[in-house]
Number of protein chains: 2
Amino acid sequence: MPEKIIPDIVVGRLPIYLRALQRMLEENRRVTSSQELGERLGISAAQIRKDLSQFGEFGKQGTGYSIEFLADQIKKILHVDQVWDMAVIGAGDIGSAVARYQGFANRGLRVAMIFDNDPSKVGSQVGPFTVKDIKTIKDSVREAGIKVAMIATPSQTAQEVAEELVSSGVRAILNYAPINLNVPEDVKVQYIDPVIHLQRMTYYL
Amino acid sequence: MPEKIIPDIVVGRLPIYLRALQRMLEENRRVTSSQELGERLGISAAQIRKDLSQFGEFGKQGTGYSIEFLADQIKKILHVDQVWDMAVIGAGDIGSAVARYQGFANRGLRVAMIFDNDPSKVGSQVGPFTVKDIKTIKDSVREAGIKVAMIATPSQTAQEVAEELVSSGVRAILNYAPINLNVPEDVKVQYIDPVIHLQRMTYYL
């Protein structure tokens, strides 16, 4: 496939398609169509066909998509045909919930370690992990070659932690702290703040 | 202000502006500009001015925005100048973390009750809440006049729970279960699935 710039909004829909396809596989389904996918997802069939066509030819007119083949292709495109080890920073309620979360399995991601700066938490157990001292981020993360991290610290420490992670080789950060991070342009950041989603809905109430 | 249709993408940026303004207020700041806001958020100043102009005149050319005034106006627009009581369904790791989350304060939202279907959890304590039996959703939610809910159940039960909530008067659902929900058109749904965010970033790694 030739390298071309795909709009990030299109990239952002691929994980949603992949999730739906993986659910169909769990339902022992074999073939689907852009119409069916669209109905499940509330996205038009034309949009789905257009998005997928940016990456290649995945189905035949009239016969639909092989679910397994299409899921495998999207996994390759998103680079989740491998498993990415992740570091979680912050062993509070959110960080602990994320570290124990079962939903990463089979989706190309795995929590590998969790850190906190609270001496009473360091050394304690969170699911299968022993909480590491935040002071050891640089060594642990670099040594493990970790590229993906989740920040679940209070807002005040999130920027500092982000800089530490970036200088340790992290290139993708999912930030649960309700604050915008300043990172170099080649580092990706995504945000999860339930209030942002909720306020987007209260507008309509 | 006359009623006009504002694109949802614009509505979606208002909570991000509000969060930045509230942080400036915590820093005892009084005045800001679209330039400064833009730099903090990685959004162009022109975009911010254009978004805000859809709702009215909030600043004067050359003198910038009064942070407190602009924050108050955005709160009114998003209807978070009041406090919305929320129901949380599912008292697992994520639901419990959300129920105990301190980040809702001053942002127009408040957890009011939490439900689970597991007899060993019903009656137990999660932060300040006693977990209620999921069978009592309809009565409790309707009686309290709750319009906003968060679903943090396993995927298999999320759709059923959503239908129960909608028939109890809920009009906005934040869904943590990794599955798309089918709800009537007048009900808003937003999704939080960390994998979706993470896979959007692994594409670039």
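Residues numbered from 1 in each chain as written. Chains lettered and ligands numbered in written order. Predicted model: local features only at pLDDT ≥ 70, side-chain atom pairs only at ≥ 80, totals over all residues. Heavy atoms only, no water.

## Quick word on the pattern of salt bridges
Under the definition given, this model contains 20 salt bridges over all chains. Across the pair Arg 40 of chain A and Glu 27 of chain A runs a salt bridge whose closest N-O atoms are separated by 2.7 Å. Note that Arg 40 of chain A is positioned in helix α2 (residues 34-41) and Glu 27 of chain A in the loop between α1 (8-26) and β1 (31-32), a separation of 13 residues in sequence. Using a relative accessible area of 40% as the deciding quantity, one classes Glu 27 of chain A as partly exposed. Between Asp 93 of chain A and Arg 100 of chain B there is a salt bridge; the shortest N-O distance is 2.9 Å. Of this pair, Asp 93 of chain A sits in helix α5 (residues 93-100) while Arg 100 of chain B sits in helix α5 (residues 93-100), each in a different chain. (Salt bridge = Lys/Arg side-chain N within 4 Å of Asp/Glu carboxyl O. Helix = DSSP H or I, 4+ residues; strand = E, 2+ residues; numbered from the N terminus. Buried < 20%, exposed > 50% of the residue type's maximum accessible area, 1.4 Å probe, protein only.)

## Focus: the interface of chain B and chain A
On the side of chain A, 60 residues touch chain B, which itself brings 60 residues to the contact. Area buried by chain B at its contact with chain A is led by Arg 200, Tyr 203 and Leu 205 of chain B, which between them contribute 12% of it. Counting across the chain B and chain A interface gives eight salt bridges. The salt bridge involving Arg 200 of chain A is made with Asp 8 of chain B; its shortest N-O contact spans 2.8 Å. Inspection of the region where chain B meets chain A yields 30 residue pairs in polar contact (both at pLDDT 80 or more). When residues of the side of chain B that touches chain A are traced back to their parent elements, those giving at least two are α1 (8-26), α2 (34-41), β4 (84-89), α5, β9 (148-151), β10 (172-175), β11 (188-191) and α8 (194-202) of chain B. (Contact = heavy atoms within 4.5 Å. Buried area = accessible area lost by both parts, 1.4 Å probe. Polar contact = N/O pair within 3.5 Å; in protein donor to acceptor, adjacent residues only side chain to side chain.)

## Here we look at the sheet that holds β4 of chain B
All names here are of chain B. Strand order in the open sheet formed by six strands is β8-β5-β4-β9-β10-β11, with parallel pairing between adjacent strands. Because the sheet does not close on itself, it has two edges, and the strands there are β8 (132-133) and β11. Inspection of the sheet shows β9 paired to β10 by four bridges, in the parallel sense. Looking across to β10, one finds that Ile 151 is bridged to Asn 175. (Pairing = 2+ DSSP bridges.)

## Structural notes on the confidence of the model for chain A
The predicted model of chain A averages 94 in pLDDT, with 99% of residues at 70 or higher. Overall fold confidence (pTM) sits at 0.90, and the ipTM for the predicted complex is 0.94. (pLDDT = per-residue confidence, 0-100.)

## Some points on the packing of aromatic side chains
Applying the stated criterion to the full structure yields four aromatic pairs over all chains. Measuring from centroid to centroid gives 5.1 Å for Tyr 101 of chain A and Phe 104 of chain A, while their planes differ by 85 degrees, and the two rings are edge-to-face. Arranged with centres 4.8 Å apart and planes meeting at 90 degrees, the rings of Tyr 203 of chain B and Tyr 204 of chain B form a pair that is edge-to-face. Exposure remark for Tyr 203 of chain B: the relative accessible area of 16% places this residue in the buried category. For Tyr 204 of chain B, a relative accessible area of 32% puts it in the partly exposed group. Its guanidinium or amino end placed over the ring of Tyr 204 of chain A, Lys 188 of chain B lies 4.0 Å from that ring's centre, counting from NZ or CZ. (Phe/Tyr/Trp six-rings, centres within 6.5 Å; stacked < 30°, edge-to-face > 60°. Lys NZ or Arg CZ within 6 Å of the ring centre and 35° of its normal.)

## Quick look at the side chain of Ser 155 of chain B
Turning to its location among the elements, Ser 155 of chain B is positioned in helix α7 (residues 155-167). At 3.4 Å, the side chain of Ser 155 of chain B forms a polar contact with the side chain of Arg 23 of chain A. Contacts of Ser 155 of chain B, omitting those with residues within four sequence positions, involve Arg 23 of chain A together with Ala 177, Pro 178 and Ile 179 of chain B.

## Re the environment of Lys 135 of chain B
Here Lys 135 of chain B is to be found in the loop between β8 and α6 (137-144). Placed 81 residues apart in sequence, Lys 135 of chain B and Gln 54 of chain B show a C-alpha to C-alpha distance of 44 Å.

## Some words on α7 of chain B
Buried within α7 of chain B are the following residues: Ser 155, Ala 158, Val 161, Ala 162, Leu 165 and Val 166 of chain B. Where α7 of chain B terminates, the next one or two residues include Gly 169 of chain B, which has phi positive at roughly 105 degrees.

## Observations concerning the sheet that holds strand β1 (residues 31-32) of chain B
Hydrogen bonds along the backbone pair up the strands of a sheet, which may run parallel or antiparallel. Residue and element names in this part refer to chain B. If you trace the three strands from one edge of the open sheet to the other, you get β1-β3-β2, paired in antiparallel fashion. Of all the strands in the sheet, just β1 and β2 (59-60) have a single pairing partner and so form its edges. In this sheet, strand β3 (residues 64-66) lies alongside β2 in antiparallel orientation, the contact comprising two bridges. Looking at β3, one finds that Gly 59 is bridged to Tyr 65.

## Considering the relation of the copies chain B and chain A
Note on the copies: chain B fits chain A at an RMSD of 0.0 Å, the axial shift is 0.0 Å, and the rotation between them is 180 degrees. Here the two chains are linked by the operation of a two-fold rotation axis. The share of interface residues of chain B whose copies in chain A are also at the interface is 100%, consistent with both copies meeting through the same surface. (Least-squares fit on C-alpha atoms with pLDDT ≥ 70 in both.)

## Things to note about unusual backbone geometry
Residues and elements named next belong to chain B. The phi dihedral of Asn 28 is positive, around 60 degrees, even though this residue is not glycine. Position of Asn 28 among the secondary structure elements: in the loop between α1 and β1. Residue class for Asn 28 comes out exposed when judged on its relative accessible area of 69%. The residue His 79 is not glycine, and still its phi comes out positive at about 65 degrees. Positionally, His 79 belongs in the loop between α4 (67-77) and β4. The exposure class of His 79 is partly exposed, given its relative accessible area of 25%.

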